[in-house]
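# Survey of secondary and tertiary structure
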Amino acid sequence: SQPGAMYELNESSFDPITFVLTGIPGMEDSHVWLSVPLCLMYVAAVFANSTVLFVIVRDRSLHEPMYLFLAMLAVADLTLSTSTVPKTLAIFWFSAREISFDACVTQMFFTHFSFIVESSVLLAMAFDRYVAVCDPLRYSSTLTPAVIAKIAAAAVLRGFCIMFPPVFLLKRLPYCGHNVMAHTYCEHMAVARLACADIRANVWYGLTTALLSSGLDVVLVAVSYALILRAVFRLPSPEARLKALSTCGSHLCVILVFYAPAFFSFLTHRFGRRVPGHVHVLLANLYVVVPPVLNPLVYGVRTRRIRRRVARLVGLAGDGSCPGLGDDC
């Protein structure tokens, strides 16, 4: 019975009850200073996305494809930033580094899930703009309310189906006392690397799904905007061309800011052993907070009807006009 008891003792001691998140490796002394811009960006992201969402939900005249996609984007942004930033701030401010295994896996699920949903919504928005610019006569018949509902359901279902298997891929692994994670939140590969077993299934699953989901989205978004730009350059009016280019340019900048740090983070986890840990973790924090700040500004504030409703909401335009916002209002 003694060997059996020893075996049970060993098994329980290897059970991953808690992980320890160290924050940004090598920059522990700067955590309080780094928390200031991070907290400000998070508060701005929550306020801006909540405002856009409130305005779209409240105003029935905004229940059109473009605005419904903006509402979906706001929900994905709120989920992405709220899944990660509060825990990061708790580490920076209160040294609350411990996180249970189940809480860690839950955080990992919602972080990656909301990223996949947001990627799907950005693709849907690129398609929306493509139809609006390249085939405007068929816009209302193509993007019907039923189609929008199916796109939203497909984005959520896609994110769930992709992120459900990694939960079990992580739960099946043994964690032999390795519980210190040099990160501010739980990522799939960051957790998998703490296991004392072969994690090739996790590596290949992550690589395959990333290429077939977000990787494919990037390609399709690029194709959509290439076709939009081709149509824009055929416009007879220089002013119309300039305005369309300005809008497309700002959209492409936001898309680049969303995907670039995420793919860098994803690739360095698998291949970039020489990338300094603090660079990797800083970029991983950027992609969960910068796009949620920029999206409502670029897609929302630059959209005339949203801008008008927000201005009215905050009392700048009680009479329906938008002083200071120009003729584009």
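Each chain has its residues counted from 1, following the order in which its sequence is written. Whole-chain, interface and lining totals are the exception, using all residues; otherwise, since this is a predicted model, local features are given only for residues with pLDDT of at least 70 and side-chain atom pairs are given and counted only at 80 or more. The basis for every side-chain value is the complete set of non-hydrogen atoms in the structure, without hydrogens or water.

Keep this limit in mind: UniProt positions are given in the numbering used here, feature names are shortened, and annotations may be inferred rather than shown by experiment.
Per an unreviewed UniProt entry, the chain goes by the name Olfactory receptor and belongs to Urocolius indicus. Of the comments in the UniProt record for the chain, the one headed Sequence similarities (unreviewed entry) reads "Belongs to the G-protein coupled receptor 1 family."

## Thoughts on the packing of helix α2 (residues 31–58) against helix α3 (residues 65–94)
We apply this condition: In this analysis, axes come from line fits to C-alpha atoms, helices being fitted only over the stretch in contact, and the angle between any two N-to-C directions falls in the range 0 to 180 degrees. Secondary structure elements are defined from DSSP: runs of H or I of at least 4 residues count as helices, runs of E of at least 2 residues count as strands, and each element is numbered from the N terminus. Oblique is the label for any angle not covered by the other classes, which are roughly parallel (under 35 degrees), roughly antiparallel (over 145) and roughly perpendicular (65 to 115). For any helix crossing, the convention is left-handed if the near helix is rotated counterclockwise from the far helix by under a right angle, and right-handed if that rotation is clockwise. As a working rule, the residues Ala, Val, Leu, Ile, Met, Phe, Trp, Tyr, Cys and Pro are called nonpolar, Asp, Glu, Lys and Arg charged, and the rest polar, with Gly in that last group.
Where α2 contacts α3, the two axes come as close as 9 Å, and the packing angle between them is 155 degrees. By the angle class used here, α2 and α3 are roughly antiparallel. Where α2 crosses over α3, the handedness of that crossing is left-handed. Among the residues forming the contact of α2 with α3, the class breakdown is 20 nonpolar, seven polar and one charged.

## Things to note about the packing of aromatic side chains
The line we're drawing: A pair of aromatic rings is counted whenever rings of Phe, Tyr or Trp (Trp by its six-membered ring) have centres within 6.5 Å, and the orientation is called stacked for planes under 30 degrees apart, edge-to-face for over 60 and tilted otherwise. Burial classes: relative accessible area under 20% of the type maximum marks a residue as buried, over 50% as exposed, and values in between as partly exposed (1.4 Å probe, protein chains only).
Within the structure shown, the criterion is met by 15 aromatic pairs. When the centroid spacing of 6.2 Å and the interplanar angle of 80 degrees are considered together, the rings of Trp-93 and Phe-94 count as edge-to-face. A ring pair is formed by Phe-109 and Phe-160, whose centres lie 6.0 Å apart and whose planes are at 80 degrees; its orientation type is edge-to-face. Here the residue Phe-109 occupies a position in helix α4 (residues 101–134), and Phe-160 occupies one in helix α6 (residues 145–171), the gap between them amounting to 51 residues. Judged by its relative accessible area of 38%, Phe-160 falls in the partly exposed class. Among the aromatic residues, those joined into a ring-pair cluster are Phe-109, Phe-110, Phe-113, Phe-160, Phe-164 and Phe-168.

## Structural notes on the environment of Leu-286
Position of Leu-286 among the secondary structure elements: in helix α10 (residues 277–301). A residue is classified by how much of its surface remains accessible, and Leu-286, at 35% relative accessible area, is partly exposed. Spatially, the C-alpha atom of Leu-286 lies 8.8 Å from that of Leu-38, the residues being 248 residues apart in sequence.

## A few points about the confidence of the model for the chain
Low pLDDT marks regions whose predicted coordinates should not be analysed in detail. Using the following cut-off: Each residue carries a pLDDT score, the predictor's own confidence in it, on a scale running from 0 to 100. We call two residues in contact whenever any of their non-hydrogen atoms come within 4.5 Å of each other.
Here the chain shows a mean pLDDT of 86. Residues at 70 or above account for 90%. Confidence drops under a pLDDT of 50 for residues 1–14, and excluding neighbours within four residues, the segment shows three contacts in the predicted structure. Considering only residues more than four positions removed or in separate chains, one finds that residues 317–329, a stretch of pLDDT under 50, has 17 contacts.

## So, the packing of α4 against helix α8 (residues 200–232)
Axis separation between α4 and α8 bottoms out at 9 Å; the angle between their running directions is 20 degrees. By the criterion of interaxial angle, the relationship of α4 to α8 is roughly parallel. Between α4 and α8 lies a crossing of left-handed hand. Residue-level contacts link Phe-115, Ser-119, Ser-120, Leu-122, Leu-123, Ala-126, Phe-127, Arg-129, Tyr-130, Val-133 and Cys-134 of α4 to Ser-214, Asp-217, Leu-220, Val-221, Ser-224, Tyr-225, Leu-227, Ile-228 and Ala-231 of α8. Its residues placed into classes, the contact of α4 with α8 shows 14 nonpolar, four polar and two charged.

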